[in-house]
Amino acid sequence: MFFLLPGGRKGFQHRPRRLIVFVNPFGGKKKAPHIYERKVRPLFELAQIEVEVITTERANHATETLLNTDLYKYDGVVCVGGDGMFSELLNGMLRRTQNDFGVDTTDPRTKLCRPKLRLGVIPGGSTDAVAYCTSGTNDPVTAALHITLGDSLGLDVCSIHQGNELIQFSTTLLAYGYFGDTLLESEKHRWMGPKRYDWSGFKKFLTLKSYEGEVAFRCMPPSGSSPLDTRRCCTGCRICANAPNAIEEQSTTADDVGWQVVRGKFVCVNNATTTCACARAKKGISPAAHIGDGCTDLILVEKCSRLKYLRYMLATAMQSGNPFNLNFVKIHRVREFLFRPGSLEDSDCCESDVPNSIQEEMGCTRSVRSSVWNCDGEIISEPSISVRVHCQLVSIFARGIEGIPSSLSQDDFQNGVVGH
């Protein structure tokens, strides 16, 4: 560990010198304070990194702090907790940056400014999807070493609007239908801790519902990649490296090119900006998703029986096959999309986000039963939203997943070898 010693700073010019660290004592298994004190703080001290530690006391404490704190004296912002805690950092930093630069966030097509500070997460939550997707593990020491070394990785971010209002930024899972219902149900059982998600998921599976809706999405992946690729995103990924320039070249393309509209009844509409891998789904819900390709994978699970949906969940979680071979599951790699439940005659419907030809195709006729969105573990009650991907909008302390092949055979993919 010579690179952490005082004389080892040479050659690591991008190492942080001062960090602000948020510790969430309430999230996940409530082990974040112990993780920081026993596993992380000694490494930061050895690396001579100055740290200001803030123990969060309430929801959105980190977001509020980032919006009102002088951040110019820091080299990075780190949280010790789960994906919800990282979401607070993400939203706080991005909103603060747009405020500082006077960016109008009411326009979904506005080009957003990148924060100067890198973000980091020391995993200590229930799923730790951000850590799994960017490093391949939820080991706190590994995450701390990436921070002390000053590793940097560009991460795609989705902006979520309802009409002209920016609701939230997201970088992992945005899900409507089953996963939204499960999260809403789990709020009634917070006393159960993390087990409330299993219980709520089981209850919603027994009463499996489908929701009528319309999805308009724009494909045009800049790299020509596909969500069915056998290649995995890993350290030194060429697709992610070339994505910013490729997207810049596509910026002159007419806004009405590449749009498609799908109508139907869906058990769930899942949007995976990363693989969304976790301990229970080692390959994630979209194994071929990239961290920084400027796209997100839109997964549409059409109305089906409980038995068929169980097959989909097992194929996703247990690596028992390719879930996208199921005829009721469709996946699209998109740059942006909008969703509305059924056709809402008197709603805003986010129509300003798509060309007139697409608006006309998504006719407004009647209202229907709707679900809610599960956005990185937070509930978005408004079902009609528009989502746009911003290529590598933030940088995080990571270097990607190491030690996996850049391509695999189709047999490997179907047999689940593509897991971390």
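Cut-off values and rules
- Residues numbered from 1 in each chain as written.
- Predicted model: local features only at pLDDT ≥ 70, side-chain atom pairs only at ≥ 80, totals over all residues.
- Heavy atoms only, no water.
- Salt bridge = Lys/Arg side-chain N within 4 Å of Asp/Glu carboxyl O.
- Helix = DSSP H or I, 4+ residues; strand = E, 2+ residues; numbered from the N terminus.
- Buried < 20%, exposed > 50% of the residue type's maximum accessible area, 1.4 Å probe, protein only.
- Patch = residues over 30% accessible without salt bridge, like charges linked within 9 Å, V, L, I, M, F, W, Y side chains within 5 Å.
- Areas by Shrake-Rupley, 256 points an atom, 1.4 Å probe, with all protein chains shown as cover.

*Asks:* Any chance you could explain the pattern of salt bridges here in plain terms?
*Replies:* One side chain can pair with another of opposite charge once the charged atoms of both are near each other. Taken as a whole and assessed by the stated rule, the structure comprises 19 salt bridges. One salt bridge in this structure joins Glu45 and Arg41, with 2.6 Å as the shortest N-O distance. Here Arg41 and Glu45 lie together in helix H1 (residues 32–46), a separation of four residues that amounts to about one turn. Assessed through its relative accessible area of 48%, Glu45 is described here as partly exposed. Owing to a relative accessible area of 31%, Arg41 belongs among the partly exposed residues under this scheme. The salt bridge involving Asp100 is made with Arg96; its shortest N-O contact spans 3.1 Å. Pair noted here: Asp100 and Arg96 are both in helix H3 (residues 83–100), with a separation of four residues, about one helical turn. With relative accessibility at 11%, the residue Arg96 sits in the buried group. Here the salt bridges share partners, and the residues they tie into one network are Arg109, Arg218, Glu336 and Arg388.

*Asks:* Is there a simple way to think about a nonpolar patch on the surface in this case?
*Replies:* A cluster of nonpolar side chains, Leu307, Leu310, Leu314 and Met318, forms an exposed patch at the surface whose accessible area comes to about 400 Å². For Leu314, the position within the fold is in helix H9 (residues 306–317).

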